[in-house]
Amino acid sequence: MLRTTINCLICALFLSLAGCFDKPSGYPLMDGGTLNFNDQHGKVVLINYWAEWCKPCREEIPELNAFQQKFSDQVLLLAVNFDGVTGDRLKQQATALGIEFPVLAEDPRQQFGVKPSGVLPETLVIDRNGQFRQVLLGPQNEEKLEAVLKQLSVSPQEQ
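The numbering scheme is per chain: residues are counted from 1 as the chain's sequence reads. Residues qualify for local features only when their pLDDT is at least 70, as the model is predicted, and side-chain atom pairs are given and counted only at 80 or more; totals for whole chains, interfaces and linings, by contrast, use all residues. Working from all heavy atoms in the structure, the side-chain values ignore hydrogens and water.

J.: Sorry, what's going on with the overall build of the protein chain here?
T.: The secondary structure content of the protein chain amounts to 5 helices and 7 strands. Secondary structure elements are taken from DSSP: a helix is a run of H or I of four residues or more, a strand is a run of E of two residues or more, and numbering for both begins at the N terminus. Counting helices and strands in the order they occur from the N terminus, the protein chain gives α-β-β-β-α-β-α-β-α-β-β-α. We call a residue buried when its accessible area falls under 20% of the maximum for its residue type, exposed when it is over 50%, and partly exposed in between, using a 1.4 Å probe and counting protein chains only. Looking at the 159 residues of the protein chain, the share that counts as buried comes to 40%. Any two residues having at least one pair of non-hydrogen atoms within 4.5 Å are treated as being in contact. In the protein chain, the proportion of contacts linking residues at least 24 apart, taken out of those at least 6 apart, comes to 68%. All accessible areas in this document rest on Shrake-Rupley with a 1.4 Å probe, and a residue is counted as covered only by the protein chains that are shown. For the protein chain, the computed accessible surface area is about 9,400 Å², with 52% contributed by carbon and sulfur atoms.

Okay, structure coming up:
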């Protein structure tokens, strides 16, 4: 009886400690709240890396805004500052560049096991099942991103 009680206490201790080491449930968003990639299954997730000093990034943002608006039912487009800028400075830069889609306050790259390419702009493609698929280097436009959707067997909307 004593042995059973001790085993039960040890199991309870391990189970309670296991909860202490869980990964945070989400990534903070610039405007508050968090985003959990596990909640995005069913949508293609595009994670776009940008920097204030990057001219091609500045040129692609209006295209990304239009794409996210057009395909918001199929795609979640996210922005990540390449330089790791945070707080008010991040908000100022994102506003100045006209980013209209969610901005992550932390880089989720490690979750997908993808190393930085060192090229900007850079966009990570996560499929509808939450699996990393590819890196898109250089500026993207609506046509290129629609081709990615087709490649992932997601039918682009008809206008």
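Structure shown, so let's carry the discussion forward.
J.: What am I meant to see in the side chain of Gln93 here?
T.: With respect to the element layout, Gln93 can be found in helix H3 (residues 87–97). Aside from chain neighbours lying at most four places away, what touches Gln93 is Trp50, Glu52, Asn81 and Val85.

J.: I would appreciate a short explanation of the sheet that holds strand S5 (residues 103–104) in the present structure.
T.: Strand-to-strand pairing in sheets goes through backbone hydrogen bonds, with the strands running parallel or antiparallel. The pairing criterion for strands is at least two bridges between them, as found by DSSP. Strand order in the open sheet made by the 5 strands is S5-S4-S3-S6-S7, with mixed pairing throughout. Across the chains shown, the open sheet's two edge strands, defined by having one partner strand only, are S5 and strand S7 (132–137). In this sheet, S5 lies alongside strand S4 (residues 75–81) in parallel orientation, the contact comprising 2 bridges. Counterpart to Ala79 in the pairing with S5 is Val103. Only the stretch in contact is used when fitting a helix axis, every axis being a line fitted to C-alpha atoms; angles between N-to-C directions are given from 0 to 180 degrees. Lying on the sheet, H3 is in contact with strand S3 (44–50), S4 and S5; it crosses S3 at an angle near 100°.

J.: What is the right way to look at the state of the cysteines in this model?
T.: Sulfur atoms of two cysteines make up a disulfide when they are within 2.5 Å. One pass over the structure, following the stated rule, counts 1 disulfide. Bridging Cys54 to Cys57, the disulfide has an S-S length of 2.4 Å. When the S-S torsion is 80°, as for the bridge of Cys54 with Cys57, the disulfide is right-handed.

J.: Help me out: how do you make sense of the packing of aromatic side chains in this one?
T.: By convention, a stacked pair of Phe, Tyr or Trp rings (six-membered ring in the case of Trp) has centres within 6.5 Å and planes under 30 degrees apart, an edge-to-face pair has planes over 60 apart, and any other such pair is tilted. In the structure shown here, the tally under the stated rule is 4 aromatic pairs. Judged by centre distance (5.1 Å) and plane angle (90°), the rings of Phe37 and Phe112 are edge-to-face. Placement of Phe37 in the loop between strand S2 (34–35) and S3 and of Phe112 in helix H4 (residues 109–112) is noted, with a sequence separation of 75 residues between them. In terms of burial, Phe37 and Phe112 fall into one category: buried. Aromatic side chains Phe67 and Phe71 sit 4.7 Å apart centroid to centroid with 40° between the ring planes, which places their arrangement in the tilted category. Its relative accessible area of 0% is what places Phe67 among the buried residues. By relative accessible area, Phe71 is classed as buried at 0%. Taken together, the aromatic side chains of Tyr27, Phe37 and Phe112 make up a single cluster linked through ring pairs. When the ring centre of Tyr49 is taken as reference, the NZ or CZ atom of Arg109 above it lies at 4.1 Å. Placement of a charge over a ring requires the Lys NZ or Arg CZ to be within 6 Å of the ring centre, with the centre-to-atom vector within 35 degrees of the ring normal.

J.: It is not clear to me how a nonpolar patch on the surface should be interpreted in this structure. Could you clarify?
T.: Together, Val119, Phe132, Val135 and Leu137 line one region of the surface with nonpolar side chains, adding up to about 280 Å² of accessible area. Checked against the element boundaries, Leu137 lands in strand S7. In this structure Leu137 comes out as partly exposed when scored by relative accessible area, which is 47%. What goes into a patch is any residue over 30% in relative accessible area without a salt bridge, connected to like charges within 9 Å or, for nonpolar side chains (Val, Leu, Ile, Met, Phe, Trp, Tyr), within 5 Å. Only one rule defines a salt bridge in this text: a Lys or Arg side-chain nitrogen within 4 Å of an Asp or Glu carboxyl oxygen.

J.: Which parts of the structure should I look at to understand the pattern of salt bridges?
T.: When charged atoms on two side chains of opposite charge get close, those side chains can pair. Throughout the structure, instances matching the rule amount to 6 salt bridges. Ionic pairing is found between Glu122 and Arg109, a salt bridge with its closest N-O pair at 2.9 Å. Of this pair, Glu122 sits in strand S6 (residues 122–126) while Arg109 sits in helix H4, and the two are 13 residues apart along the sequence. Each member of the pair, Glu122 as well as Arg109, carries the same accessibility label: buried. Via salt bridges that share partners, Lys70, Glu142 and Glu146 belong to a single interconnected network.

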